[in-house]
Every structure is written in structure tokens, then in C-alpha cells.
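Now for the letters of each chain:
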Amino acid sequence: MTARQAETAEATKSGAPELIKAVPVRHPGRWVAAAIILILAALAVQSLATNPRFGWGTVAAYILDVNIVRGVGWTLLLTVLSMLIAIILAIVLAFMRQSDNPILRWSSWFWVWFFRGTPVYTQLIFWGLVTVLYPTISLGIPFGPALATYILSDPTKGFIPAILGLGLNESAYLAEIFRAGLKSVDKGQVEAAEALGMRGTKIMWRIVLPQAMRVIVPPTGNETIGMLKTTSLVLAVPFTLDLTFVSNALANRTYQPIPLLIVAAAWYLLVTSILMVGQHYIEKYYGKGVDNLVPAAVNPAAAKAAAAGGTGAGSDLGTGTTIPGGPTAAGPTIEESGR
Amino acid sequence: MSTPAQTTPNSQPAPAPASLRGAKDLVRIEGVHKYFGEHHVLRGIDMTVKQGEVSVLIGPSGSGKSTLLRCVNHLETISAGRIWVNDELIGYRERAGKLHELHVKEIAAQRRNIGMVFQRFNLFGHKTALENIIEAPIQVKGQDKATAKKRALELLDRVGLSERANHYPAQLSGGQQQRVAIARALAMDPELMLFDEPTSALDPELVGDVLNVMKDLAKSGMTMVVVTHEIGFAREVGDTLTFMDGGVVVESGNPRDVIANPQHERTRSFLSKVL
Ligand SMILES: Nc1ncnc2c1ncn2[C@@H]1O[C@H](COP(=O)(O)OP(=O)(O)OP(=O)(O)O)[C@@H](O)[C@H]1O
Ligand SMILES: [Mg+2]
């Protein structure tokens, strides 16, 4: 035992230990960096506030302009629907990629190769041209009567080709994300489920996919935010009601490009922030059992019974007092999860 | 596929322990071979396990113990031979002298009667202990949630973990996870339990809890095939001890006899290393 330890032991014996009051290390570099950043920020704010060319009056006038707000709505709709198409396709593509059937594996691979290998702008132009070839889309019995007909003849006519173009292109990227997610789940999980008599689809949906989601959600959130901004390419279709197109059109009409850019940017930032909040909750949901594990409460009655020697196999139970920072009251240390 | 020539003249079926004489054969393994590509891993295994028997498998690493166990519930397909569990041919249907593969649905149905416990526990990481146990009874057997939960709590109590029902696997020690895994397998009311080195991933002080649960299970009359390096468990609980090496059964018999008086040099040298 060193002298120091002996001293501490002494202190403990005689009551409260002598707490360390050390002089902290100085970090002058941090102060300099902080000062520089603060000065730059102040300059930026001053310039934003005083330079008349930012046109804050115009920004205020247009931020809730009906065309702009509608543009936000269309942009959101484009984002949500094309991501929905992409996610559904990506799950199918990722399952196909794992299939025993080589035709399915190859078609999945080909799909990803094709849509990832061509620019989304080109694909959007293509889908726009398809609507010229097929001016109406009918949903119905093949060669029989149409049940619903979508007439592509008003300003919204570019909408379907736009979400198709965006969705199909995105599905290729998402398929790779989903594939990585499915691969991240230990094979033992599938074997355990199989040994219990569960079967393919159920194992996928109930055991593998929920655990893969932990890996899938963060990059998918990233892709969704990317998609929000990729929707500005839909003028290639052409679809002309989204936020970027509308704000550009207003800018050209009013000869005030900068305020209208600020308007569009503010809306994109707001929507992105909302999406990020959503992502946070989805991540939390799928992280259950792994991330941010709070020490679960041990049923006290049962724990007491066990401590009193009730249950034979409960010999590894502790005393039932909470150790600050420790995993659980009676708990042994958290080991690797065995996933 | 044709049956390769028998390479194991010395693998004779073990004599039934006295207490189990007259019990029916629950597992019959006949002339089983397994290839992984060119690699001949099982080389003609014959073995029977009677109803209520605790059959312990030992052998050096790579001798094919896990592979044999995994063939019994068709997690691996066998290359030659036959395996029956409760007089049902595993993985195939024999019709007019020809074998037909079973549909995945039928294979899943066969597996329901066979519980398996893995070396690495393999609890579902996104489900609590309780949810792990009720998953298969609800999803596979179609039990209603209340019934399944009630049964799960009984099983958790049986393995000494009722106070941990709502813990995730990551919040449990290895020994606790393994006991939940045993409870999960039992929830399907299997006739046969397979254990593949259930304690070898555990810290020494946690091994005892798991072995105690297995002992209780054996006492309750469960038929068990246990791959383990716990010779003490084999001696105390096992009805039969089978020593495998190089894909064949080298010797098999009453655990106390085999341990005290091994008939083969390979058994002797293996036992001298693990005892
Ligand atoms: N999926 C597989 N593909 C190829 N070879 C395999 C596979 N699984 C097992 N093997 C091989 O089969 C042999 C037997 O393996 P097995 O896991 O059955 O041994 P074991 O007796 O359980 O050993 P251990 O005590 O180390 O668990 C080994 O040589 C192993 O490399
Ligand atoms: Mg093994």
C-alpha cells in the first residue's frame, strides 16, 4: 500500500474523505478560438441587419405568400411520396438480394446498378417524356374497363412522373442501406427463430427487420433530407409547383432574387428541422434493447424473496440497493448483448 | 446420395441405462454423414436417445458435435443416413423408397417439438426477457397473449428470473440470458431439448446457475442431448456419455464408466485434458 492510499484510508476511517481541489489546466487556445468565432458571428449579424440588399421587408412580405406556402406543401408531398415508394421498393430489393433464387438476386442487382448509375435529372426528364407517350394513366382490368383514370393535362400533370422518377432513383440507394442493415443482424437471431419453428417472412418482419432498423434509420433520415432538396430538380419533368421553382419564378418577376432565396432557404431549414425531430423519435424507438438502456427496475417483491433465499437459481442477485452509475440495483455488469 | 461406406466399426450404440430400459427411442440417428463441400465432417453416426434420457456429447473441437446437434433439428441438412425424432423422419418424407424434401412449413412444424439452446444465447435483442419467451408461442402456436404471458412468467420463475421479466438481453448477465433462452425454448413445450455448449460462453461463477436449471429440467423427465465440456455435469446428470472424435462416435456408455474407465486411447487422452 502506498503512502497516499494509506492516507485516504485514514481519511475514510475518520469520516468524510478530503475531496481533491486541484487547479484546472488552462486552455488559452479555446478562448482565442471562441473570441474569433464570436466576432465573425457578430459581423455577419450586423451585415445581415444593415445591408439593405438582403431586403428583409420583401422576405417578410413573401414568407407566407400563398404560392410559397403551396410550394412548401408540394415539396413536402413530393418528398414523402417518393420516399414512401423508395422505401417499399428498397425492402423488396433488399429481400430479393438475399433470396436463394438467382433471378431475383440478379434483377435486384441490375436495378440498383441502373438507377444508381444514371443521373436523377436524366431520369426525371425521361419520366416526363413517358407522360407524353402515355397522356392518360388508367387503373383497371387489363383490356377491360378502366376503374380510375388520371388525366395528365393540368399543371399538376408532372406530379406522378416526378415522384416516380425521384422514388425509383432513391430506391436504389435505399436498397443498399437496407441490405447493409439486414446484414448487420447476427445470423444467430435467424437460427434461434428457426429453431423455435418460426418461418421466413415472420422471421424477417418480426426478428431481423426491427433490429436492422437501428442501422437503417440514420442513413435513411439523411436520404430523406437529401430528397427534400432533390425535389428542386423536378423542373426537369417539368413540374413547376414546388418551392424552388415557385420562389425562383417570384424572384424573376420581382427582380429581387436574394430575399426570395432567403425565403426558400428558411422554409427548407424549417422542414429539415422537423424531419430531424421525427428521425430522433424513430431512432429512439428502434434503438430499444440496445441504445440508452436505463437500468430497468427489478421487481422489488421478487427481489426481496430472492434475497431471502427464495429462488434457488437467483444466487447472483445482489442486495437490492442502487449503485449510482451502475447498471441495475441487483445487477451484474452489462455484458455484451449476445446479439 | 448414396451412403458412404461405414468408417466406424467401433461405434456401437450405447446400452440403455437401467432406469430407462423399456422407454421408447425418442431420437434415432442412423448412418448419418455430413459433408461441407469436400470436408467430411460426420462420418457415419449411429445413436439413439430414449424418452427421458440425458445424453451428453463430448469431444475435441471440430469433432462435429455441433454439426450433429444441428442436423437433429434440420438447421443443417444431412448428406446421408436418417434421423428420426419421435418416429418422424427429420427433413424428408420417404415415399416408394425415394426421399422427398419437406416443405419449409413442415420443417418448421418438426422444429416446434425440438427446443434448442445455443452457446451464444441468441436472445432477440430488441425484445425483453418476457417478450422473447412469448414470441414463438404467440406467433407459431397461435396462443393468446394472456395465456402466453402467464406461462412465460411461470417459466421465468422456474429459471429463477421472475424479477427480470422486463429486462432486455443487454441488461442481463450471460448466465441470466442463457436461462431466459432455456425458458424461451421450453415455452414451446418441446419433447426434446438440444443444448450446444450452453455454459462455455459464461464466466465460471455463472455456470452453476445454468447447470442447476438444466439439472432440474433433467429431473422433470425432459429428454436432453447436451454438448458440453462440463464433465461433472455429465457424471452427475447424464444417463449416457458419448465421446466423438473426427466425425465418429468413438465410445459411448454410462458416464461414470466411461470417465472412470475409458476403453479407447483417444477417449483417455481427451478426458485427461478436460478433467
Ligand atoms: N457451415 C460450415 N461450413 C463449412 N464447414 C463447417 C461449417 N460448420 C462447421 N464446419 C466444420 O465442421 C467441423 C465440425 O464442426 P463443429 O462445429 O460440428 O465442431 P464441434 O465439435 O462442435 O467443435 P467445437 O467444440 O469447437 O464447437 C469443423 O471442422 C468445422 O470447421
Ligand atoms: Mg460446437
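Residues numbered from 1 in each chain as written. Chains lettered and ligands numbered in written order. Predicted model: local features only at pLDDT ≥ 70, side-chain atom pairs only at ≥ 80, totals over all residues. Heavy atoms only, no water.

Enquirer: Help me understand the overall build of chain A, please; the structure alone is not making it clear to me.
Expert: Scanning chain A from N- to C-terminus turns up 12 helices and 2 strands. Taken from the N to the C terminus, the helices and strands of chain A come in the order α-α-α-α-α-α-β-β-α-α-α-α-α-α. Considering chain A as a whole, with its 339 residues, one finds that 34% of them fall into the buried category. When contacts within chain A are restricted to residue pairs at least 6 apart in sequence, those whose partners lie at least 24 apart make up 72%. Surface summary for chain A: the accessible area is close to 20,600 Å², and the carbon and sulfur share equals 68%. (Helix = DSSP H or I, 4+ residues; strand = E, 2+ residues; numbered from the N terminus. Buried < 20%, exposed > 50% of the residue type's maximum accessible area, 1.4 Å probe, protein only. Contact = heavy atoms within 4.5 Å. Areas by Shrake-Rupley, 256 points an atom, 1.4 Å probe, with all protein chains shown as cover.)

Enquirer: What exactly am I supposed to notice about the pattern of salt bridges here?
Expert: Oppositely charged side chains can pair when the atoms bearing their charge come close. Residue and element names in this part refer to chain B. Using the criterion set out here, one finds 19 salt bridges over all chains in the structure. Its salt-bridge partner being Arg70, residue Glu76 comes within 3.2 Å of it at the nearest N-O pair. Taking the relative accessible area as the measure of exposure, Arg70 reaches 15% and is therefore buried. Residue Lys141 is joined to Asp189 by a salt bridge in which the shortest nitrogen-to-oxygen separation is 3.5 Å. Of this pair, Lys141 sits in the loop between helix 3 (129-139) and helix 4 (145-158) while Asp189 sits in the loop between helix 5 (174-186) and strand 9 (192-196), placing them 48 residues apart in sequence. (Salt bridge = Lys/Arg side-chain N within 4 Å of Asp/Glu carboxyl O.)

Enquirer: Just checking my understanding: could you explain the packing of helix 4 (residues 66-97) of chain A against helix 5 (residues 102-117) of chain A for this structure?
Expert: Each pair of packed helices can be summarised by the angle the axes make with each other and by the distance between the axes. Residues and elements named next belong to chain A. In contact at an axis separation of 7 Å, helix 4 and helix 5 are set at 135° when each is read in the N-to-C sense. Put simply, helix 4 runs oblique to helix 5. Crossing geometry of helix 4 relative to helix 5 is assigned as left-handed. Side by side, helix 4 and helix 5 meet where Leu89, Leu93, Met96 and Arg97 of the first sit next to Leu104, Arg105, Ser107, Ser108, Trp109 and Trp111 of the second. Residue composition of the contact of helix 4 with helix 5, by class: 6 nonpolar, 2 polar and 2 charged. (Axes fitted to C-alpha atoms, helices over the stretch in contact; angles between N-to-C directions. Parallel < 35°, antiparallel > 145°, perpendicular 65-115°, else oblique. Left-handed = near helix turned anticlockwise from the far one by under 90°. Nonpolar A, V, L, I, M, F, W, Y, C, P; charged D, E, K, R; others polar.)

Enquirer: Sorry, what's going on with the sheet that holds strand 12 (residues 248-253) of chain B here?
Expert: Strand pairs in the sheet, formed through backbone hydrogen bonds, run parallel or antiparallel to each other. Residues and elements named next belong to chain B. With mixed pairing, 6 strands are arranged side by side in an open sheet as 8-9-10-3-11-12. Of all the strands in the sheet, the pair left with one neighbour each is strand 8 (114-117) and strand 12. Put simply, the sheet's adjacent strands are angled 15° from each other on average, direction ignored. As judged from the 5 bridges shared by strand 9 and strand 10 (residues 223-227), these two strands associate in the parallel manner. Within strand 10, the position partnered with Phe195 by the bridge is Val226. On the sheet, helix 6 (residues 204-219) packs against strand 3 (54-58), strand 9 and strand 10 and is oriented at approximately 145° with respect to strand 10. (Pairing = 2+ DSSP bridges.)

Enquirer: What should I look at first to understand the sheet that holds strand 2 (residues 39-50) of chain B in this one?
Expert: Residue and element names in this part refer to chain B. Here we have 4 strands laid out as an open sheet, ordered 2-1-4-5, and antiparallel in their pairing. The open sheet terminates on both sides in strands that have one partner only, identified here as strand 2 and strand 5 (88-89). Note: strand 1 (residues 25-36) against strand 2, 9 bridges, orientation antiparallel. Residue pairing in the sheet places Lys34 in a bridge with Leu42 of strand 2. Lying on the sheet, helix 1 (residues 65-72) is in contact with strand 1, strand 2 and strand 4 (80-85); it crosses strand 2 at an angle near 60°.

Enquirer: Any chance you could explain the site of ligand 1 here in plain terms?
Expert: Residues and elements named next belong to chain B. Lining the immediate surroundings of ligand 1 are Phe36, His39, Val41, Pro60, Ser61, Gly62, Ser63, Gly64, Lys65, Ser66, Thr67 and Glu197. The contact in question runs from an oxygen atom of ligand 1 to an N or O atom on the backbone of Ser63, over 3.2 Å. Considered on its own, ligand 1 offers 640 Å² of accessible surface; in the complex 60% of this is hidden by protein. Among the elements of the structure, strand 2 and helix 1 are those that each provide at least two residues to the shell around ligand 1. (Near = heavy atom within 4 Å. Polar contact = N/O pair within 3.5 Å; in protein donor to acceptor, adjacent residues only side chain to side chain.)

Enquirer: Any chance you could explain the side chain of Thr199 of chain B here in plain terms?
Expert: Tracing the chain through its elements places Thr199 of chain B in the loop between strand 9 and helix 6. Each residue touching Thr199 of chain B, except ones within four places of it in the same chain, is listed here: Val207, Val210, Leu211, Thr228 and Glu230 of chain B.

Enquirer: In this structure, what is going on with the packing of aromatic side chains? I would like to understand it.
Expert: A ring pair, where both rings are aromatic, is described by two values, the distance of the centres and the angle of the planes. Enumeration over the complete set of coordinates arrives at 13 aromatic pairs over all chains. A ring pair is formed by Trp74 of chain A and Phe239 of chain A, whose centres lie 5.4 Å apart and whose planes are at 70°; its orientation type is edge-to-face. Placement of Trp74 of chain A in helix 4 and of Phe239 of chain A in the loop between helix 9 (200-230) and helix 10 (243-254) is noted, with a sequence separation of 165 residues between them. Judged by its relative accessible area of 22%, Trp74 of chain A is partly exposed. Pairwise contacts between aromatic rings join Trp109, Phe110, Trp111, Trp113, Phe114 and Phe115 of chain A into one cluster. For the cation-ring pair, Arg28 of chain B lies above Trp84 of chain B, with the distance from its terminal atom to the ring centre recorded as 4.4 Å. The side chain of Arg184 of chain B reaches across the aromatic face of Phe124 of chain B, ending 4.5 Å from its centre. (Phe/Tyr/Trp six-rings, centres within 6.5 Å; stacked < 30°, edge-to-face > 60°. Lys NZ or Arg CZ within 6 Å of the ring centre and 35° of its normal.)

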